[in-house]
Amino acid sequence: MAVQLKLPTSARRRIYQALVDQPGRHWTVRTLTQALALHASVKETAVRDTINFLLSLQLVALVPHQRAMTISLTAPGERALIVALRRANSQAGA
């Protein structure tokens, strides 16, 4: 797995957590940015970059037949993000 996934930035940790909290949900850049705006200030560019990064790793999949780019978390993606979040939390506590 890519090094960036093992040591996510604080913005990526928030994005990963939002995806893991609602694994069956379909997300666009806008809906994910709006969901994060309620609790944390994560810029739209960070959301877009992270979605593209996760797409490149095949941890999220494109939802077909949508006008806007829409993604959903895959089962392997959910497991990988949970591991990345656990590692980040254990490193923050160390």
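All figures in this text were calculated on a predicted structure; none of them were measured in a lab.

Asks: Got a minute to help me understand the packing of helix α3 (residues 29-37) against helix α4 (residues 44-56) in this structure?
Replies: In a pair of packed helices, the angle between the axes and the distance between the axes together describe the arrangement. Closest axis-to-axis distance for the α3/α4 pair is 9 Å, and the angle between their directions is 125°. Looking at the two axes, α3 sits oblique to α4. α3 and α4 meet at a crossing whose hand is right-handed. Residue-level contacts link V29, L32, T33 and L36 of α3 to E44, V47, R48 and I51 of α4. Among the residues making up the contact of α3 with α4, the classes are represented as five nonpolar, one polar and two charged.

Asks: How do you make sense of the nonpolar core when you look at a structure like this?
Replies: Note on soluble globular proteins: their nonpolar side chains tend to be buried together. Ranked by size, the top nonpolar core spans 25 residues in total, and within it L5, Y16, L19, L32, V47, L54 and L81 carry the most contacts. Of all the secondary structure elements, the ones that give two or more residues to this core are α2 (10-21), α3, α4, β2 (71-73) and α5 (75-93). In terms of residue count, the dominant contributor to this core is α2 (six residues). When sequence neighbours within four positions are dropped, the list of residues in contact with L54 reads L5, Y16, L19, L59, V60 and L81.

Asks: I tried to follow the packing of aromatic side chains on my own but got confused; where do I start?
Replies: By convention here, two paired aromatic rings are described through the distance between centres and the angle between planes. According to the stated counting rule, one finds zero aromatic pairs in the structure shown. The ring centre of F53 lies 4.3 Å from the NZ or CZ of R12, which sits over that ring. In this structure, R25 is placed above the aromatic ring of W27, and the distance from its NZ or CZ to the ring centre is 3.9 Å.

Asks: Can you help me understand the environment of D21 in this one?
Replies: Looking at the secondary structure, you find D21 in helix α2. One polar contact links D21 to Q17, side chain to side chain, over a distance of 2.8 Å.

Asks: Explain the pattern of salt bridges to me, please; I cannot follow it from the model alone.
Replies: Two side chains bearing opposite charge may form a pair once their charged atoms approach each other closely. Enumeration according to the criterion identifies one salt bridge in this entry. Among the ionic pairs, E44 bridges to R48, the shortest N-O distance being 2.7 Å. One end of the pair, E44, and the other, R48, are both in helix α4, four residues apart, so they sit about a helical turn from each other. A residue is classified by how much of its surface remains accessible, and E44, at 41% relative accessible area, is partly exposed.

Asks: Can you help me understand unusual backbone geometry in this one?
Replies: Even without being glycine, Q58 reaches a positive phi, approximately 60°. Within the fold, Q58 resides in the loop between α4 and β1 (60-62). The exposure class of Q58 is exposed, given its relative accessible area of 63%. In this structure, H65 takes a positive phi of about 65° despite not being glycine. With respect to the helices and strands, H65 occurs in the loop between β1 and β2.

Calculation rules
- Residues numbered from 1 in each chain as written.
- Predicted model: local features only at pLDDT ≥ 70, side-chain atom pairs only at ≥ 80, totals over all residues.
- Heavy atoms only, no water.
- Axes fitted to C-alpha atoms, helices over the stretch in contact; angles between N-to-C directions.
- Helix = DSSP H or I, 4+ residues; strand = E, 2+ residues; numbered from the N terminus.
- Parallel < 35°, antiparallel > 145°, perpendicular 65-115°, else oblique.
- Left-handed = near helix turned anticlockwise from the far one by under 90°.
- Contact = heavy atoms within 4.5 Å.
- Nonpolar A, V, L, I, M, F, W, Y, C, P; charged D, E, K, R; others polar.
- Core = buried A, V, L, I, M, F, W, Y, C linked by side-chain atoms within 4.5 Å.
- Buried < 20%, exposed > 50% of the residue type's maximum accessible area, 1.4 Å probe, protein only.
- Phe/Tyr/Trp six-rings, centres within 6.5 Å; stacked < 30°, edge-to-face > 60°.
- Lys NZ or Arg CZ within 6 Å of the ring centre and 35° of its normal.
- Polar contact = N/O pair within 3.5 Å; in protein donor to acceptor, adjacent residues only side chain to side chain.
- Salt bridge = Lys/Arg side-chain N within 4 Å of Asp/Glu carboxyl O.

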